[in-house]
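Now for the letters of each chain:
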Amino acid sequence: MKNDDIDAKGYKGNVNLKRINQDIDWTPEYVQEYVKCAEDPVYFIETYMKIININEGLVNFKLYDYQEKMIRGFQDNRFNVITTARQAGKSTTTCGFILWYIIFQSEKTVALLANKGDTAREILGKIQLAYQHLPKWLQHGVAEWNKGSFELENNSRVIAAATSSSAIRGYSINLLFIDEAAFIEGWDEFFTSVYPTISSGDETKVVLVSTPNGLNHFYSIWINAIQKRNQYNFMQVKWQDVPNRDIKWKEDTLAAMNFDIEKFQQEYECEFLGSSGTLISGWKYKQVEKEHSYITVCDVSRGKGLDYSAFQVLDVTAMPYQQVCVYRNNAIAPVDYASIIHGVAKGYNESAVLVEINDIGE
């Protein structure tokens, strides 16, 4: 049987999908390509994955540098947390990895979750679109195909759902992808319910992707990843990382946002916005080191745009002492400032905190 003649009727009449139990005439070229794709998800995605481009229609997916880095991160690490700017192609990139994952590994279950069920199903639709445009020799036969899930002949499947405590209960999950993880309400209850489904396996992968949304659970995971206090590989994608976004693009976007600088910084520069409307900047600081001793020295202002609240973290393990982190802000209220001090000090091996007690500091 020629490959072009395989299953002309397709799966339930869809000629773009292969039915189960369909043979492939494996040529040496196909075998070589299959092995190459199995070993390298980036090669597979750029060579065979199709996406819908808003200007050009159906095109091959050519990865930007940061998207390739994301794929490599997913491949090499079990746990990944990524904070990204809006419209940076985070979901499409993850779709590419999921597509590769289910084709070249058998009996895997992928849970694709988002804060809204429609969003999860939209992302699933991108994977299904790409799958339908693969050559038949790369496809497995389709066992089940609908708007909320699909399953392949190799017993790998993808499930799309809204995040809830019961979303994936009862499933054994091999890859958990959560889109806009910072916007999930009731995170503690949700993650407590799903953690048993991902902790039972030695190779289970977790991918958390989101734009910032305040100092919540996502911020805690992110900052602890930076400080190497959890297992997550971290990555940040700002607007500048996306090709063709220049100063004019920034100015036009700011104008469209009524020059709301804080909102722009949060949604495009990946800054975390505190409860009082203050930005927690992506500080440049030295990573925490185990067995080292730190102290945090703090000055407190009233947060009215005048004097600055500021602190510095010092490594006092040996002389001379080294400054490893600095923070300053003249708009943050004392109550929010205290929570930031607490989080940072805890991250630096639960450092001692010395607060100047003049005026509001007391």
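The sections below set out a description of the structure shown in this document. Every value quoted in this text rests on a predicted model; they were computed, and no experiment measured them.

**Some remarks on helix α3 (residues 65-76)**
And then number 1: Its 12 residues place the ends of α3 17 Å apart at the C-alpha level, agreeing with the 16 Å of an ideal helix rising 1.5 Å per residue.
And then number 2: For α3, every residue scored as buried is listed here: Tyr-66, Gln-67, Met-70, Ile-71, Gly-73 and Phe-74. The arc that holds the buried residues of α3, viewed along the axis, is 160°, so those residues lie on one side. Turned more than 90 degrees away from the buried face of α3 sit Asp-65, Lys-69 and Asp-76, all of them exposed.
And then number 3: Buried-residue contacts for α3 involve α2 (41-48), β3 (79-84), α4 (90-104), β9 (205-210) and β10 (233-237).

**Notes on the environment of Phe-272**
And then number 1: With respect to the secondary-structure elements, Phe-272 resides in strand β11 (residues 272-273).
And then number 2: For Phe-272 and Thr-211, which are 61 residues apart along the polypeptide, the C-alpha to C-alpha distance reads 9.0 Å.

**What about a nonpolar patch on the surface?**
And then number 1: Judged by side-chain polarity, Trp-26, Val-31 and Val-35 come together as a nonpolar surface patch covering roughly 260 Å² of accessible area.
And then number 2: On the secondary structure map, Val-35 appears in helix α1 (residues 28-39).

**What about the packing of α2 against α3?**
And then number 1: Direction vectors running N to C along α2 and α3 enclose 135°, while the axes themselves pass 9 Å from each other. Relative to α3, the element α2 lies oblique. Side by side, α2 and α3 meet where Pro-41, Val-42 and Ile-45 of the first sit next to Glu-68, Ile-71, Arg-72 and Gln-75 of the second.
And then number 2: Taken together, the residues of the contact of α2 with α3 break down into four nonpolar, one polar and two charged.

**Thoughts on the side chain of Thr-253**
And then number 1: Along the chain, the position of Thr-253 falls in helix α8 (residues 247-256).
And then number 2: Filtering out sequence-adjacent residues up to four positions away, Thr-253 remains in contact with Phe-264 and Tyr-268.

**Description of the sheet that holds strand β8 (residues 175-179)**
And then number 1: Pairing in this open sheet of eight strands is mixed, and the strands run β5-β6-β7-β4-β8-β9-β3-β10 from one edge to the other. Both outer strands of the open sheet, β5 (142-145) and β10, are each paired with one neighbouring strand and no more. Each strand axis lies, on average, 10° off the axis of its neighbour in the sheet, ignoring direction.
And then number 2: Bridge analysis of β3 against β9 gives five bridges, and the strand direction is parallel. The residue of β9 that forms the bridge with Thr-83 is Ser-210.
And then number 3: The strands touched by helix α7 (residues 217-226) within the sheet are β3, β9 and β10, with β3 carrying the most contacts at an inclination of about 110°.

**Concerning the sheet that holds strand β16 (residues 352-355)**
And then number 1: With respect to topology, four strands assemble into an open sheet ordered β15-β14-β13-β16, the strand pairing being mixed. The outermost strands of the open sheet, each flanked by one partner alone, are β15 (322-329) and β16. Averaged over all adjacent pairs, the angle separating strand axes in this sheet is 15°, with direction ignored.
And then number 2: Taken together, the seven bridges between strand β14 (residues 309-315) and β15 define a ladder with antiparallel strand orientation. Residue Ser-309 lies in a different strand from β15, and its bridge partner there is Asn-329.
And then number 3: Contacts between helix α10 (residues 334-347) and the sheet are confined to β13 (294-299), β14, β15 and β16, with β14 contributing the most and set at about 10° to the helix.

**A word on the packing of aromatic side chains**
And then number 1: Counting across every chain of the model gives 29 aromatic pairs.
And then number 2: Measuring from centroid to centroid gives 5.9 Å for Tyr-64 and Tyr-66, while their planes differ by 40°, and the two rings are tilted.
And then number 3: Look at Tyr-66 and you get buried, because its relative accessible area is 7%.
And then number 4: Between Tyr-219 and Phe-272 the ring centres are 4.9 Å apart and the planes differ by 65°, which places this aromatic pair in the edge-to-face class. On the criterion of sequence distance, the pair formed by Tyr-219 in helix α7 and Phe-272 in strand β11 is long-range, its members being 53 residues apart.

**Details of the nonpolar core**
And then number 1: Core analysis: the biggest nonpolar cluster contains 53 residues, and Phe-44, Ile-98, Leu-99, Ile-102, Leu-112 and Tyr-131 have the highest contact counts within it.
And then number 2: Tallying contributions element by element places α4 first for this core, with nine residues.
And then number 3: Beyond its immediate chain neighbours, meaning those up to four positions away, Ile-102 contacts Val-110, His-140, Phe-150, Leu-152, Asn-154, Ser-156, Arg-157 and Val-158.
And then number 4: The next biggest cluster of nonpolar side chains, apart from the first, holds 27 residues, and it includes Leu-113, Trp-187, Phe-191 and Tyr-232.

Calculation notes
- Residues numbered from 1 in each chain as written.
- Predicted model: local features only at pLDDT ≥ 70, side-chain atom pairs only at ≥ 80, totals over all residues.
- Heavy atoms only, no water.
- Helix = DSSP H or I, 4+ residues; strand = E, 2+ residues; numbered from the N terminus.
- Expected span 1.5 Å × (residues − 1).
- Buried < 20%, exposed > 50% of the residue type's maximum accessible area, 1.4 Å probe, protein only.
- Arc of directions from axis to C-beta.
- Contact = heavy atoms within 4.5 Å.
- Patch = residues over 30% accessible without salt bridge, like charges linked within 9 Å, V, L, I, M, F, W, Y side chains within 5 Å.
- Areas by Shrake-Rupley, 256 points an atom, 1.4 Å probe, with all protein chains shown as cover.
- Salt bridge = Lys/Arg side-chain N within 4 Å of Asp/Glu carboxyl O.
- Axes fitted to C-alpha atoms, helices over the stretch in contact; angles between N-to-C directions.
- Parallel < 35°, antiparallel > 145°, perpendicular 65-115°, else oblique.
- Nonpolar A, V, L, I, M, F, W, Y, C, P; charged D, E, K, R; others polar.
- Pairing = 2+ DSSP bridges.
- Phe/Tyr/Trp six-rings, centres within 6.5 Å; stacked < 30°, edge-to-face > 60°.
- Core = buried A, V, L, I, M, F, W, Y, C linked by side-chain atoms within 4.5 Å.

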